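Understanding the architecture of this molecule
Letter by letter, the chains look like this.
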Amino acid sequence: MSIVCRDLHFAYNGNPILTDVNLAVEEGEFCALLGRNGSGKTTLIYCLAGLLGLRQGTVAIDGMQLAGATRGDIATRVSLVPQEHADMFPFRVLDVVVMGRTATFRFAQRPGPEDYQAAYQVLSQLEAQNLAERNFNRISGGERRIALLARALLQAEGTLLLDEPTNHLDFNNQYRLLEKIKTLCREKGTSVVASLHDPNLAARFADRVVMLNGGRVLASGAVDQVMTASMVSRLYETTIRRIETDDGEVVFVPCSTDIECHGPAADEMETGRWT
Amino acid sequence: MHDTAITQMMPGAAKANTRLKTGLALGLILVLVLSLWIGWVPIAPTELGGIVRVWLGMEAGQDIAGKALVFGMVRIPRALITVLVGMGLSAAGAVYQGLFRNPLVSPDILGVSAGATFGAALGLLMAGSSWLTIQSLAFFFGLTAVGMALVIARVVAVRPMLVLVLAGLVVLSIFNASITLLKYLSDPYNELPAIVFWMMGSMSRAQWGDLRVAMPIIGGSLILIHVARYKLNVLSLGDLQASSLGLNPGIYRLLFIFLSSVMVSVSVAICGQVLWVGLVMPHIARTLVGPNHEEMLPVAVLSGGIFLLLADTAARALTMAELPISVVTAFIGAPLFAYLLYRNRGSGWS
């Protein structure tokens, strides 16, 4: 087992954000976190990355308990592709990627030739070697995502945490990026936890789904067991149809008032609530 | 791609950067030598032999002895301290700009200069305080100001960098108000002018004794910052990314802030406030070699030394009465900064 998280509770200024979350992701498994805005997806990812102090519960990566481990020990086992990139100096992409080696450096150490070669190699594996000398602030959103993914893979390719990796990506790039990540799971046994906003992407790429609602796990399990029309409707608090195409692909479509739906009745849920 | 081709992409591999750094180092030596011969006591390069003989006790002419005194006790220590202070302020500026991910930040953002100036003003007001007392007070209150800003940020404990800027503003205002109060309470004929002149900044008080203090403190801090400079790249990504990459941002930030504050406090203690060096020089370095601190920091340090030495030489050579050095650095630095903003407008800041 690669990621095991037990009875996790997290509170911010006394407000509970995550309550009693249990999660287990095996080697080579792609786990999608689904939930509405503010349901605790990002917080859970930060807890798994050891960036937040837990109030209760444990997180273990490859058998190592995060509580009490040093930043360096954690960073060599689990890497994170964060959601927003705050203002950055106009570094070259290769300089950004090579920072994935930070955890292995001593006080006065700087990246050497072999670090730059490894960084370039990871970029090549992602078919992004042409970005190496470009200015990180001047490339497109999709290219930035790839560069940050390369940095994460250079850092630790065993366990990868992705916070809404498809945000700001065009339709094509969303699928290409997740395709790449899926390939990593298959070929390198990378365990992935990714928060996604689109249940269709989860249905297509994930092996396992964890549904979060108000910081609690609404449901978790294999995709075909958990992602039923009624569960997805309950998760997003609106009536959603599940359509199976002739090729066996699953698509979720929200119902509008003029289409007859066979799901949970809309009036059972607070459909008009913004979160 | 072949391995050697990738090695060529390393920041240190660019031949232009190596040439630039060598050029700056040679330029610094050249400016250092030139500044020793410029000033109101005319000393010709040919008189160097005579000066050295006076130092060795082999010659005792009235005229040459005076020149030897000016050369050995005034110009040499002054030039060396000016270079050290310029390097220190520039490095401090580069560190703060990196930590705050903001190219418009100066080393004064956490109130270190205001604190040190307050300490100096306090020393100037206390009857019979020696030069050493004034400098010690300046150093102590400079660090106190930064410490206060750090404690406030620590107590608030959310969004550390933003709160640190605001805490710095609080500390800065308190010390500036205290300085105004001290000025108000001071004797307007003797003490007030002394405080005002201190705040204008001048290298004219620099002596060998100051160099013995400044050399190990500023020099040691510069060396530590230089060897650990790669960490500034990682810290400039912000706490979240630095942590997830395996760096402890709290500890490293504290270390860098401490080293920078020590350098700025010592500088203010020796020569008062010198503006613009810490803001403009890192900016120039970034324009020349890019934002990677591996290359940018040495360039900023060297150009900071050159800039302040040129400014000080101009300050004492341009007019009969010596100009305050901050006047010169501001007159050169501010237009230069405007030009750099214009030049860097397309580098993708936002």
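Calculation notes
Residues numbered from 1 in each chain as written. Chains lettered and ligands numbered in written order. Predicted model: local features only at pLDDT ≥ 70, side-chain atom pairs only at ≥ 80, totals over all residues. Helix = DSSP H or I, 4+ residues; strand = E, 2+ residues; numbered from the N terminus. Rg over C-alpha atoms; globule rule 2.2 N^0.38 Å. Buried ≥ 20, exposed ≤ 12 C-beta atoms within 10 Å, placed from the backbone. Contact = placed C-beta atoms within 7 Å. Nonpolar A, V, L, I, M, F, W, Y, C, P; charged D, E, K, R; others polar. Domains from an automatic or database assignment. Core = buried A, V, L, I, M, F, W, Y, C linked by C-beta atoms within 7 Å. Pairing = 2+ DSSP bridges. Right-handed = clockwise from strand over helix to strand, strands pointing away. Expected span 1.5 Å × (residues − 1). pLDDT = per-residue confidence, 0-100. Axes fitted to C-alpha atoms, helices over the stretch in contact; angles between N-to-C directions. Parallel < 35°, antiparallel > 145°, perpendicular 65-115°, else oblique.

Take the overall build of chain B next. Regarding its fold elements, chain B presents 15 helices and zero strands. Whereas a compact globule of 350 residues would reach a radius of gyration of roughly 20 Å, chain B reaches 21 Å, a difference of no more than 12%. Overall, chain B is about 70 × 60 × 35 Å in size when its C-alpha atoms are taken along their principal axes. Per-residue burial over chain B gives 47% buried out of 350 residues.

Quite often, the size of an interface is put as the accessible area lost when its parts meet. In this complex, chain B contributes 30 residues to the contact, which on the side of chain A involves 34 residues. Taken together, the elements giving at least two residues each to the side of chain B that touches chain A come down to α1 (3-7), α10 (230-235) and α11 (239-244) of chain B. Per-element tally for the side of chain B that touches chain A: the top contributor is α11 of chain B, with four residues. Its residues assigned to classes, the side of chain B that touches chain A shows 14 nonpolar, 13 polar and three charged.

Moving on, we get to the domain arrangement of chain A. Residues and elements named next belong to chain A. Examined at the domain level, chain A breaks down into domain 1 (1-77 + 159-219), domain 2 (85-155) and domain 3 (228-275). Contacts between the two partners involve 12 residues from domain 1 and, on the opposite side, nine residues from domain 3. Broken down by secondary-structure element, the contributors of at least two residues to the side of domain 1 that touches domain 3 are β3 (30-35), α7 (199-205), β9 (208-213) and β10 (216-222). In terms of residues, the side of domain 1 that touches domain 3 owes the most to one element, α7, which gives three residues. Grouping the amino acids of the side of domain 1 that touches domain 3 by side-chain chemistry returns six nonpolar, five polar and one charged.

With that out of the way, let us pick up the nonpolar core. Core analysis: the biggest nonpolar cluster contains 180 residues, and Val 97 of chain A together with Ala 91 of chain B have the highest contact counts within it. Looking at this core element by element, the count peaks at 13 residues for helix α4 (residues 62-99) of chain B. Each residue touching Val 97 of chain A, except ones within four places of it in the same chain, is listed here: Ala 119, Val 122, Leu 123, Ala 147, Ala 150, Arg 151 and Leu 154 of chain A.

Moving on, we get to the pairing of strand β8 (residues 191-195) of chain A. One face of the sheet, then the other: side chains in a regular strand alternate in exactly this way. Residue and element names in this part refer to chain A. Summarising burial for β8: five of the five residues are buried, a large majority. Alternating positions in β8 separate into two faces, Ser 191, Val 193 and Ser 195 on one and Val 192 and Ala 194 on the other, with burial throughout. Where β3 meets β8, four bridges bridge the pair, whose relative direction is parallel. If you follow Phe 30 over to β8, its bridge partner there is Val 192. Pairing of strand β7 (residues 159-162) with β8 involves four bridges; the strand directions are parallel. Bridged to Thr 159 within β8 is Ser 191. In this fold, the crossover linking β7 to β8 by way of helix α6 (residues 171-188) has right-handed handedness.

Another aspect to go through is helix α12 (residues 249-271) of chain B. Since one α-helical turn is 3.6 residues long, residues separated by three or four positions face the same way. All names here are of chain B. Over its 23 residues, α12 extends 33 Å from the first C-alpha to the last, a length consistent with the 33 Å expected when each residue adds 1.5 Å. Within α12, 17 of the 23 residues are buried, which leaves it mostly tucked inside the rest of the structure. Positive backbone phi, approximately 75 degrees, marks Gly 272, located one or two places after α12.

Next up on the list: the confidence of the model for chain B. Residues and elements named next belong to chain B. Summing up the model confidence of chain B, the mean pLDDT is 89 and the portion of residues at 70 or higher is 98%. No element of chain B has a lower mean pLDDT than α1, which averages 78, and none a higher one than α10, which averages 96. Across the interfaces of the predicted complex, the ipTM metric reaches 0.90, alongside a pTM of 0.91.

Moving on to the sheet that holds strand β4 (residues 56-61) of chain A. Residues and elements named next belong to chain A. The four strands lie next to each other as β2-β1-β4-β5, forming an open sheet whose pairing is antiparallel. The sheet is open, and its two edges are formed by β2 (15-25) and β5 (64-65), each paired on a single side. Summarising the sheet, strand β1 (residues 3-12) and β4 pair through five bridges and their orientation is antiparallel. Bridging from a neighbouring strand, His 9 pairs with Gln 56 of β4.

So, about the sheet that holds β7 of chain A. Residue and element names in this part refer to chain A. The sheet built from six strands is open, its strands ordered β6-β7-β8-β3-β9-β10 with mixed pairing. Strands at the two margins of the open sheet, each flanked by one partner only, are β6 (78-81) and β10. This sheet shows a mean twist of 15 degrees between the axes of neighbouring strands, independent of strand direction. The strands touched by helix α5 (residues 141-155) within the sheet are β6 and β7, with β6 carrying the most contacts at an inclination of about 175 degrees.

Next up on the list: the packing of α4 of chain B against helix α13 (residues 277-289) of chain B. Residues and elements named next belong to chain B. Remark: α4 packs on α13, axes separated minimally by 7 Å, with the N-to-C direction vectors making an angle of 70 degrees. In terms of their interaxial angle, α4 and α13 are classed as roughly perpendicular. On α13, the residues touching Gly 86, Leu 89, Ser 90, Ala 92, Gly 93, Ala 94 and Gln 97 of α4 are Val 277, Gly 278, Leu 279, Met 281 and Pro 282. Within the contact of α4 with α13, the residues separate by chemical class into seven nonpolar, five polar and no charged.

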